[in-house]
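# Coordinate analysis (summary)
Single-letter residue listing:
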Amino acid sequence: MKKIYLISSILALSFLLMGMSKPIERETLPTQDAQKPAERKNHYTKPHAGIFLDYQRPEHLQIGEQLELRLNFKVRDQAKQLQIKVSVNDVLLLQSDSQFEFDTQTNKQSSVVILATALKEGAARINLDTTILVEGRYQSRSFSIPVTVGDPAQFKSAVTGVVISKPGYRVDKAQGVVSMPAVESSE
Amino acid sequence: MTFNFLLKLLTFCLFTSLLSCGGGGSDPVVSVDTCTLGTGTNLNVSGTVKFERIALENSGALNFNDITSQPAKAIQVEAVCNSVIAVATTDDNGLYTVAVPSGTQGVFIRAKAQMIKTGAPSWNVEIMDASQTSGLLFALDSSPFDLDGLDVTKNLLAAAGNVGSTYPVGAVRAAAPFAILDTIYKSMQFVLSVEPNAIFPALDVKWSDENEDGSFYSDNQIYILGSIVDTDEFDEHVIAHEWGHYFQDAFSRDNSVGGSHAPGDILDIRVAFSEGFGNAFSAMVMNDSIYRDSQGTTSGFSIDVEVNVCTNEGWYSECSVQSVLYDFYDTSNDDIFSLGFDEIHDVMTSNMPTSSSLTSLFSFINSFKNLTSIVSADVDSLLVEQSIDSISDDYATGVSDGLYIMGTTDVLPIYDIRPFPLTNVCSTGDNISAVEVYGLGASRFIRFTAPSSGNFRFTSTWSSGLSASDPDMYLYRNGDLVGSGETTINKSETFITSLVAGSEYVLEVLEYTYVHLDIPYNPSASGAINKTCFTVSRTPI
């Protein structure tokens, strides 16, 4: 009887833990998809270069699946040139070009298609370092596009925004701190 | 194996699993208290707390060849032996001293990413882990050590976490929270230079090495980017800019609706002032007119707030606002002002918060010109350089649209004073070149004095423009929001609120669709192309 109780407890706790590990979906889709909030929230952001990105991404990929992502850029009127550098983390293999350049003197909208293959489960990132030339000065803006590869319940995901502890960080809940190791000296 | 043992094992497994329930990739860390408190006389444990700062190049890019150790000023330091047994605050050199009984074994020093001061002045600033849902404070820990009859020196350094010019995956970037605190400390000291007893409201700052949701201020919190795609912990102008928003919110008033903004944008008057002030303020705090923002590990972005040539200059330009404010402040000889922060602070804290208008360059300049130390003509001469007419009241009465290329009637008058009901109150999306940009003319303002006290219904009814229209309304009294209608009902909006007879109000009317959907950017000299108009009424009930 005790064994049955124990096995049942383990199973129940396993399901409980799986549930607790389930990622919380953060709003990472383009804001066009967002619902209108109940009331206006003011976010005072830092200035950025006049580069704007629009895309529709798949939320999930399976290992081996190819990602085809169309990125639509728009730049300010004054921008003469748009440069785009693409990089991915180790969850993906980038198969398209990693650098693009557009003359934006007349056409303010540019598109590129990113091709990548999912290599392993994890939180994939497509990172974009974009730069425009405005009145002789370069202005840049970074973007990061998240895509989940595999079952998000099976791995810690940066997409989830939920990390209780990770290597190098020590969680001391009693003191309410996340501590990091100091480089020490006594002189 | 007994049942009780198995149950304990299960409980332990559950506990450790809970600690790492973010997923299987993390290392569970269980706090183990092994410290024994001594019974001898107190000994001094002292030293410095420092952090590594990576400098920025003129372009704004991180310069990994220029890394210095800097003191962590005014932060909380604790001696921890199972619990906190002594507390100190670092001085401006990062020095601390705490007393620990001789014979203590296993004590460690913890430097918290927190600045607390009570009395006057006072502050409480915490750097929290943005990746945590439970609000945990960052701290820097020494390794445990023993005290046996002698004082001990323990110097702690928070490392930047870079290897060469990159951040390896999984690197602990311990310097970040302390670098952010350092810039906030500079910002507070800057304000204290003109208001020595300032009481700074408590401020939480959220950062993590995964945070990629932007650097922004909202609701008494500052978020700072940490993802390696764009790290901002060493971008002092960015941090001071966001702290400037906190300052305006806490010590002045900010009616800005925030949102995305870039140099050259033609912005809502509230946004233009708030962001221009943030840029100018960051340059003042840093005593460096070059606003720098690193992007990733190789590139950056910079703005020289001292440069007076602005794309799309005017009262709707954050560039023009920052140019004028910084010229009032700085000592360079390109203008006749060298005022420092005193007068700007006076206007921001005394005059602007009491105006019945919304916060803008108009309310700032009008109050600024009324200071006894200011010559109005000198102010006007600076404004002319930005194609801004002389400002004589908070409501921009008589001010033209300067070099604005679009149809004048789409943005002027800034405050409509026609009697209710008002026809053709038109919101335009032509100055909104991306989602979440509050461009000029998207919100239109109606100024009125309440005819009597009591409840009134405000209604906005579509008359032309977008067939799928979503009008919103916001009512302000002395800058405070006192009523709003934000439903999604097509072509109509209404709300009821109480008015006070004789009080001044400003009603904002906005086509929500323009701000929150991407539409073609297509400014035209012949007038707004994207325009939706309403009839706005006010009815006593």
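Residues numbered from 1 in each chain as written. Chains lettered and ligands numbered in written order. Predicted model: local features only at pLDDT ≥ 70, side-chain atom pairs only at ≥ 80, totals over all residues.

## Some thoughts on the overall build of chain A
Secondary structure assignment for chain A yields one helix and 13 strands. Listing every helix and strand of chain A by position from the N terminus yields α-β-β-β-β-β-β-β-β-β-β-β-β-β. By the burial criterion, 36% of the 187 residues in chain A qualify as buried. The contacts in chain A between residues at least 6 apart in sequence include a share of 65% that link residues at least 24 apart. (Helix = DSSP H or I, 4+ residues; strand = E, 2+ residues; numbered from the N terminus. Buried ≥ 20, exposed ≤ 12 C-beta atoms within 10 Å, placed from the backbone. Contact = placed C-beta atoms within 7 Å.)

## Concerning the nonpolar core
Core analysis: the largest hydrophobic core is formed by 177 residues, its most contacted members being I180 and L181 of chain B. Setting aside anything within four residues of it in sequence, one finds L181 of chain B in contact with A72, I75, A113, M115, V125 and I127 of chain B. (Core = buried A, V, L, I, M, F, W, Y, C linked by C-beta atoms within 7 Å.)

## Regarding helix α7 (residues 361–369) of chain B
All names here are of chain B. Counting buried positions along α7 gives eight out of nine residues, so the element sits mostly inside the fold. Every buried residue belonging to α7 is among L361, F362, S363, F364, I365, N366, S367 and F368, and all of these are buried. Each element contacted by the buried residues of α7 is listed here: α4 (269–286), α5 (318–329), α6 (342–351) and α8 (376–385).

## Quick look at the domain arrangement of chain B
Residue and element names in this part refer to chain B. For chain B, the assigned domains are domain 1 (42–182 + 201–220), domain 2 (252–404) and domain 3 (407–541). Computed over C-alpha atoms, the centres of domain 1 and domain 2 are 35 Å apart. Taken together, the contact pairs 10 residues of domain 1 with 10 residues of domain 2. When grouped by side-chain class, the residues that make up the side of domain 1 that touches domain 2 number four nonpolar, five polar and one charged. (Domains from an automatic or database assignment. Nonpolar A, V, L, I, M, F, W, Y, C, P; charged D, E, K, R; others polar.)

## Observations regarding the sheet that holds strand β23 (residues 471–477) of chain B
All names here are of chain B. Within the open sheet, the five strands sit side by side as β19-β21-β26-β23-β24. Their pairing is mixed. The sheet terminates laterally at β19 (415–416) and β24 (480–485), the two strands that pair on one side only. Here β23 runs beside strand β26 (residues 504–511); their pairing, made up of seven bridges, is antiparallel. Looking across to β26, one finds that Y476 is bridged to V506. (Pairing = 2+ DSSP bridges.)

## A look at the environment of L82 of chain A
All names here are of chain A. Inspection of the secondary structure puts L82 in strand β5 (residues 79–88). By C-beta crowding, L82 is classed as buried, having 24 other C-beta atoms within 10 Å. It is 6.9 Å that separates the C-alpha atoms of L82 and L133, two residues lying 51 residues apart in sequence. Contact partners of L82, with chain neighbours within four places excluded, come to F73, V75, F102, T104, S110, T130 and I132.

## Describing the pairing of strand β21 (residues 443–449) of chain B
Residue and element names in this part refer to chain B. Counting buried positions along β21 yields six of seven residues, so the element is predominantly enclosed. Here two bridges tie β19 to β21, and the two strands are oriented parallel to one another. Bridge pairing in β21 links Y415 to F445. Both β21 and β26 contribute to a ladder of seven bridges, which runs antiparallel. When the bridges of β26 are listed, F445 appears paired with E508.

## Quick look at α4 of chain B
Taking 1.5 Å as the rise per residue, α4 of chain B with 18 residues should run 26 Å; its terminal C-alpha atoms sit 26 Å apart, in good agreement. Burial within α4 of chain B is extensive, with 17 of its 18 residues counted as buried. (Expected span 1.5 Å × (residues − 1).)

## Section: the packing of helix α2 (residues 175–192) of chain B against helix α3 (residues 236–251) of chain B
Residues and elements named next belong to chain B. Put simply, α2 and α3 touch, their axes get as near as 9 Å, and they point 50 degrees apart. As the angle between them shows, α2 and α3 are arranged oblique. The chirality of how α2 crosses α3 is right-handed. Packed against α2, whose contacting residues are I180, T183, I184, S187 and V191, the element α3 presents E236, I239, A240, W243 and F247 at the interface. Looking at the contact of α2 with α3, its residues break down into seven nonpolar, two polar and one charged. (Axes fitted to C-alpha atoms, helices over the stretch in contact; angles between N-to-C directions. Parallel < 35°, antiparallel > 145°, perpendicular 65-115°, else oblique. Left-handed = near helix turned anticlockwise from the far one by under 90°.)

## Focus: the packing of α3 of chain B against α4 of chain B
In helix packing, the relevant descriptors are the interaxial angle and the interaxial distance, both defined with respect to the helix axes. All names here are of chain B. Put simply, α3 and α4 touch, their axes get as near as 8 Å, and they point 120 degrees apart. Between α3 and α4, the angle is such that the two are oblique. As α3 runs across α4, the sense of the crossing is right-handed. Judged by residue contacts, E236, H237, A240, H241, G244, H245, F247 and Q248 of α3 engage S274, F277, G278, N279, F281, S282, A283, V285 and M286 from α4.

## Side note on the confidence of the model for chain B
All names here are of chain B. Scored by pLDDT, chain B has a mean of 90; 91% of the residues are at 70 or more. The low-confidence segment residues 1–31, where pLDDT is below 50, has 48 contacts with residues more than four positions distant or belonging to other chains. As scored by the predictor, the complex reaches a pTM of 0.88 and an ipTM of 0.86. (pLDDT = per-residue confidence, 0-100.)

## Quick notes on the sheet that holds strand β3 (residues 60–61) of chain A
Read across the sheet, five strands follow the order β3-β10-β9-β5-β7 (chain A) without closing on themselves; strand pairing throughout is mixed. Where the open sheet ends on each side, the last strands, each with one partner, are β3 and β7 (99–103) of chain A.

## Regarding the confidence of the model for chain A
Do not read the predicted coordinates in detail wherever pLDDT is low. Residue and element names in this part refer to chain A. For chain A, per-residue confidence averages 77 on the pLDDT scale, and 74% of positions sit at 70 or higher. Helix α1 (residues 2–21) is the least confidently modelled element of chain A, averaging 43 in pLDDT, while strand β6 (residues 92–94) averages 96, the highest of any element. A low-confidence stretch, residues 10–33 (pLDDT under 50), is modelled with 31 contacts involving residues beyond four sequence positions or located in other chains. Overall, residues 156–164 carries pLDDT values under 50, and its contacts beyond four positions in sequence, including any with other chains, amount to 39 contacts.

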